[in-house]
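Listed here are the chains, written in short residue letters.
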Amino acid sequence: MSRFAQICWLAGVAGCCGVAGLASWPEQALAQTQPADMPARARSPALRTGTPNYVAQRPNSTPGTASALPDGVDDAAPAPRGRSSAISSSQPTRASQPVRSSRLRGVTQREFRAPPQTVSSLPPTLPPAPEPRKRKRPEEDPYAPLGLRLGNVILRPAITGSVGYDSNPERISGPSKGSLFTRTEGELGVQSDWNVHELTGMLRGGYSRYYRNDSASRPDAEGNMSLRLDATRDTRILLESRLRLDTQRPGSPDLTSAVQGRPITWNYGGAAGVTHDINRLQLTLRGSVDRQDYEDANLGNGRTLSQADRNQTQYGLRLRAAYEVTPGFKPFVQGEIDTRQFDQKVDSSGYMRSSDGYTVRLGSTFEISRMLTGEVTAGYQDRKYEDGRLRNLRGFIGDAAILWTPTPLTTVTLRGTAELGDTTIPGSSGTTARRVNLEVAHALRRNLTVTGFAGYGRTEYDGQDLREDLSTIGARIEYKLTRTFSVRASFTHERLNSTNQGSDYTANVAQVGLRVQF
């Protein structure tokens, strides 16, 4: 037999033995399945079966050691003599390592997927779509000053230089000598920019110099400052201060002699109060102190006329209750008591001018529409003097300020005042003054405004047949070059008619100037 044939025969024998071994596993199970009466020789010949040690991974068995394997596996038959076994008992190379194959998948070769990534935060949101560009709102006044910021306070300084001509600098009766003059005027506006509280104020001062009549040169000034402190949402503390500097004309009835120049008068004071809101009801309690001083006058003979007997201090206390019916209509009622104390108990005429008074007012702020707004008050005042020879000074008083805007380019302002004042004329308790002013402003262009104004005032001296009527009429024009520079020009006609002999006068004043504001 050739060698190739031998190899094929051995392979066939090994395959048959493997099939026979599987069929007879184990022998006892096979014996139970076969009938008992079957002859032993009819059974299939026993083939050598067993598992190599390297597969079973069992140690060498010793006699008398129990085995957990089946009998057929534990008592394997020895291989026939002279015949090689089809199953080798030696351990193959690398048999202790697990089989690694790309086509086999078992417990030791299970493919594990990486755990999903943990999301710790949401992805960033996309930026919002840009809003459509809005048209810039035009400025209400493109030539208004921007002001200078000092911290959270805005300052608006301005200075004006003018040159003009005055036909009657001293405001005297009869022929007068006109004169060229220059005027320098400065202003300072104050406005706070705070989240709470508020500070507002305006200060103005000027000086007019007359070149042909230096004695007529005179200063003037006025100002006020207000501070509001918001204590709570419904309670506010109000602090105020005010100042006014003026001069007396030589023909004034209160000057008993002919004087040279224009004596200066000072009026200054302050007030403090508290305002509390109860729903729509607003209550205000306010106390005030005002001082009035008069400068001594120079007479034509070189002597001095003392006016110290006119210096006085006034103390007042006011209570006001207002109710807001609608946002544009807020009526109120107001009561006030005051006392005036003169520095000198008896004046130069021998009268005791100190007095006590009370005042009752009714009024309202209103806004009929955006075109018509204002405030109107009317009341009654009674004043009793310390000197019994002076009868009580009583009468109607009031104030009115109405703003009407018929067109966006035209503004009409009406102001009126009625008040009671003091005097040093012998036998007169005081004065009753009535004044009304009308002003119409029209903008020809955004930077060109023309204003016409007219005023009328009457002063009556109680107990005396003395009355003065003062009327003014004029016009002014303002041309704004930029926010900083503007040109101003004005003309004013004044006329005084008096029942006092030698007090009438007429004056015409024209001037032009340059204003610088920031």
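Cut-off values and rules
- Numbering of residues starts from 1 in each chain and follows the order in which that chain's sequence is written.
- Per-residue local features are limited, in this predicted model, to residues with pLDDT of at least 70; the limit for side-chain atom pairs, both in listing and counting, is 80 or more; totals at the level of whole chains, interfaces and linings are taken over all residues.
- Side-chain metrics in this entry use all non-hydrogen atoms of the structure; hydrogen atoms and water are not considered.
- Each helix is a run of H or I in the DSSP string that is no shorter than four residues. Each strand is a run of E no shorter than two, and both are numbered from the N terminus.
- We call a residue buried when its accessible area falls under 20% of the maximum for its residue type, exposed when it is over 50%, and partly exposed in between, using a 1.4 Å probe and counting protein chains only.
- By definition, residues are in contact when any of their heavy atoms lie within 4.5 Å.
- For the accessible areas, the method is Shrake-Rupley and the probe is 1.4 Å, while residue cover comes only from the protein chains on display.
- Among buried residues, those of type Ala, Val, Leu, Ile, Met, Phe, Trp, Tyr and Cys that are joined through side-chain atoms within 4.5 Å constitute a nonpolar core.
- Note on pairing: two strands pair once DSSP finds at least 2 bridges between them.
- Between Lys or Arg on one side and Asp or Glu on the other, a salt bridge is scored when a side-chain nitrogen of the former is within 4 Å of a carboxyl oxygen of the latter.
- Here a Phe, Tyr or Trp ring, Trp counted by its six-membered ring, pairs with any other such ring whose centre lies within 6.5 Å, and the pair is stacked when the planes are under 30 degrees apart, edge-to-face when over 60, and tilted otherwise.
- Sitting over a ring, as applied to charges here, requires NZ of Lys or CZ of Arg to be within 6 Å of the ring centre and within 35 degrees of the ring normal.

### Some words on the overall build of the protein
Now for step 1: Scanning the protein for helices and strands turns up 4 helices and 22 strands.
Now for step 2: Relative to its full complement of 518 residues, the protein shows a buried share of 30%.
Now for step 3: Summarising the internal contacts of the protein: among those between residues at least 6 apart in sequence, 54% fall at separations of at least 24.
Now for step 4: Accessible surface, the protein as shown: approximately 34100 Å² in total, 56% of it carbon and sulfur.

### Some words on the nonpolar core
Nonpolar side chains in soluble globular proteins tend to end up buried together.
Now for step 1: Core analysis: the largest hydrophobic core is formed by 6 residues, namely Tyr-351, Tyr-385, Leu-390, Leu-393, Ile-397 and Leu-420.
Now for step 2: Those residues within four positions of Tyr-351 in sequence are excluded, and the remaining contacts are Lys-345, Val-346, Asp-387, Arg-389, Leu-390, Pro-426 and Gly-427.
Now for step 3: Ranked by size, the runner-up nonpolar core spans 5 residues in total, among them Leu-255, Val-259, Ala-297 and Leu-299.

### A short note on the pairing of strand E6 (residues 235-247)
In regular strands, side chains alternate between the two faces of the sheet.
Now for step 1: Sheet topology places strand E5 (residues 218-230) next to E6; 10 bridges connect them, and they run antiparallel. The partner of Ala-221 across the bridge, within E6, is Leu-245.
Now for step 2: Between the antiparallel neighbours E5 and E6 lie 4 residues.
Now for step 3: Strand direction decides the pairing type here: E6 and strand E8 (residues 264-278), joined by 13 bridges, are antiparallel. If you follow Leu-238 over to E8, its bridge partner there is Gly-273.

### Here we look at the pattern of salt bridges
Between side chains of opposite charge, a pair can form as their charged atoms come close.
Now for step 1: Counted according to the given criterion, the structure contains 36 salt bridges.
Now for step 2: Glu-185 serves as the salt-bridge partner of Arg-204, at 3.6 Å between the closest nitrogen and oxygen. Of this pair, Arg-204 sits in strand E4 (residues 198-210) while Glu-185 sits in strand E3 (residues 179-192), and the two are 19 residues apart along the sequence. Accessibility assignment for this pair places Arg-204 and Glu-185 in one class, buried.
Now for step 3: In this structure, the salt-bridge partner of Arg-244 is Asp-246, at a minimum N-O distance of 3.7 Å.

### Observations concerning the packing of aromatic side chains
Now for step 1: Counted according to the given criterion, the structure contains 2 aromatic pairs.
Now for step 2: Measuring from ring centre to ring centre gives 5.3 Å for Phe-181 and Tyr-210, while their planes differ by 40 degrees; the resulting arrangement is tilted. Separated by 29 residues along the polypeptide, Phe-181 in strand E3 and Tyr-210 in strand E4 bring together distant segments of the chain.
Now for step 3: On the basis of relative accessibility, which here comes to 3%, the residue Phe-181 falls in the buried class.
Now for step 4: Classification of Tyr-210 by relative accessible area gives buried; the value is 3%.
Now for step 5: Ring centres 5.8 Å apart and planes at 75 degrees place the aromatic pair Tyr-380 and Phe-396 in the edge-to-face group. Of this pair, Tyr-380 sits in strand E15 (residues 372-385) while Phe-396 is found in strand E16 (residues 393-407), placing the two residues 16 residues apart along the sequence.
Now for step 6: When the ring centre of Tyr-294 is taken as origin, the NZ or CZ atom of Arg-310, which lies over that ring, is 4.0 Å away.
Now for step 7: Between Arg-320 and the ring centre of Phe-332, over which it is positioned, the NZ or CZ distance is 3.6 Å.

### With respect to the pairing of E16
Now for step 1: As judged from the 12 bridges shared by E15 and E16, these two strands associate in the antiparallel manner. Its bridge partner being in E16, Arg-383 is matched across the sheet by Leu-393.
Now for step 2: Of the strand pairs in this sheet, E16 and strand E17 (residues 410-421) are connected by 8 bridges, and their pairing is antiparallel. The residue bridging Leu-403 from the neighbouring strand is Thr-413, located in E17.
Now for step 3: Hairpin connection, E16 to E17: the antiparallel pair is bridged by 2 residues.

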